[in-house]
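# Working through the structure, step by step
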Amino acid sequence: MVERNPTPRRGRGARQRILSSATALFEAQGINATGMEEVASRAPVSKRTLYIHFPTKDDLVVAYLRHLTEAGLTIESVLDRRDLTARERLLALFTVPDNGTGPIRGCPFVDAAAEFPDPDSPAHGYTRQQKQRFTQRIVELVNELGAAHPDILGEQLAILADGAATRAMVLNDPACGRHARAAAEALLDAATA
């Protein structure tokens, strides 16, 4: 899930305007449906300037995903919250934001991997790395809880989180997160009993 960005204004750096425009467009209409010319127009920058900063659409998509990660704009950022216990952080993964103004977009990494299906493409590769990192972070929290078989449980919780985000997007129903959270609670209870 991604926080919506306003239309960029002139005066900010071209690279940042391009990235802000791409983020808003990708979130609103998807990656493949957004052309580079449309991003340049919305930024507003010339196509030449766009391609100086991002020689390919793959480069732009990787920058977009990196921006979401670094800015804490993905659901995974809840794993960094120090005001929650390890268990609370894990269960917070299953809170599907309901923005109330548009469709639920789901996980931007899953979206990017689906729109760049070649596993050797830079966008798909970056997504794979982020999903592996996500699972490892879950394993670390599961380990803090003293759960049996943390690697297996971490993978199960990552699959549940991805499934909840995807199902919520497909059905446009944030309640999918509640059902996945109940399954996650059962898994955590069984592993820490």
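On a predicted model such as this, the values are computed, not experimentally measured, just so you know.

### Here's the deal with the packing of helix H8 (residues 150-171) against helix H9 (residues 176-192)
Across the interface, H8 lies against H9 with an axial gap of 8 Å and an inter-helix angle of 170 degrees. It follows from the interaxial angle that H8 and H9 lie roughly antiparallel. Here H8 contributes Leu153, Gln156, Leu157, Leu160, Ala164, Arg167, Ala168 and Leu171 to the contact with H9, which in turn contributes Cys176, Gly177, Ala180, Ala183, Ala184, Leu187, Leu188 and Ala191. The residue makeup of the contact of H8 with H9, split by class, is 13 nonpolar, two polar and one charged.

### Observations concerning helix H7 (residues 122-144)
The terminal C-alpha atoms of H7 lie 33 Å apart, and with 23 residues this matches the ideal 33 Å at 1.5 Å per residue to within 8%. Phi turns positive, to about 75 degrees, at glycine 146, one or two residues after H7.

### Re the pattern of salt bridges
Per the stated rule, a full pass over the model turns up eight salt bridges. Residue lysine 47 is joined to glutamate 37 by a salt bridge in which the shortest nitrogen-to-oxygen separation is 3.3 Å. With lysine 47 in helix H3 (residues 47-53) and glutamate 37 in helix H2 (residues 36-42), the pair connects residues that are ten residues apart, well separated along the chain. When its relative accessible area of 44% is taken as the criterion, lysine 47 is described as partly exposed.

### Some thoughts on the packing of H7 against H8
The description of two packed helices rests on the angle between their axes and on the distance between the axes. For the pair H7 and H8, the least separation of the axes is 8 Å and the interaxial angle reads 125 degrees. Overall, the two elements H7 and H8 adopt an arrangement that is oblique. Our pair here, H7 against H8, has a crossing hand that is right-handed. Where H7 approaches H8, its residues Lys131, Phe134, Thr135, Ile138, Val139, Val142 and Asn143 are matched on the opposing element by Pro150, Asp151, Leu153, Gly154, Glu155, Leu157, Ala158, Ala161 and Asp162. Each residue belonging to the contact of H7 with H8 can be placed in one class, and the counts come to nine nonpolar, three polar and four charged.

### Some points on the domain arrangement of the protein chain
Each assigned domain of the protein chain is listed with its residue range as follows: domain 1 (10-55) and domain 2 (72-192). Distance between the C-alpha centres of domain 1 and domain 2: 28 Å. The interface of domain 1 with domain 2 comprises six residues on the first partner and four residues on the second. Regarding the contact of domain 1 and domain 2, the summed buried area is about 480 Å², with carbon and sulfur atoms giving 48% of it. Its largest share of buried area at the contact with domain 2, domain 1 owes to Glu27, Ile31 and Asn32, together 80% of the area lost on that side. Applying the counting criterion to the domain 1 and domain 2 interface returns zero salt bridges. Run the count over domain 1 and domain 2 and you get three residue pairs in polar contact (both at pLDDT 80 or more).

Quick notes on the rules
- Residues numbered from 1 in each chain as written.
- Predicted model: local features only at pLDDT ≥ 70, side-chain atom pairs only at ≥ 80, totals over all residues.
- Heavy atoms only, no water.
- Axes fitted to C-alpha atoms, helices over the stretch in contact; angles between N-to-C directions.
- Helix = DSSP H or I, 4+ residues; strand = E, 2+ residues; numbered from the N terminus.
- Parallel < 35°, antiparallel > 145°, perpendicular 65-115°, else oblique.
- Contact = heavy atoms within 4.5 Å.
- Nonpolar A, V, L, I, M, F, W, Y, C, P; charged D, E, K, R; others polar.
- Expected span 1.5 Å × (residues − 1).
- Salt bridge = Lys/Arg side-chain N within 4 Å of Asp/Glu carboxyl O.
- Buried < 20%, exposed > 50% of the residue type's maximum accessible area, 1.4 Å probe, protein only.
- Left-handed = near helix turned anticlockwise from the far one by under 90°.
- Domains from an automatic or database assignment.
- Buried area = accessible area lost by both parts, 1.4 Å probe.
- Polar contact = N/O pair within 3.5 Å; in protein donor to acceptor, adjacent residues only side chain to side chain.

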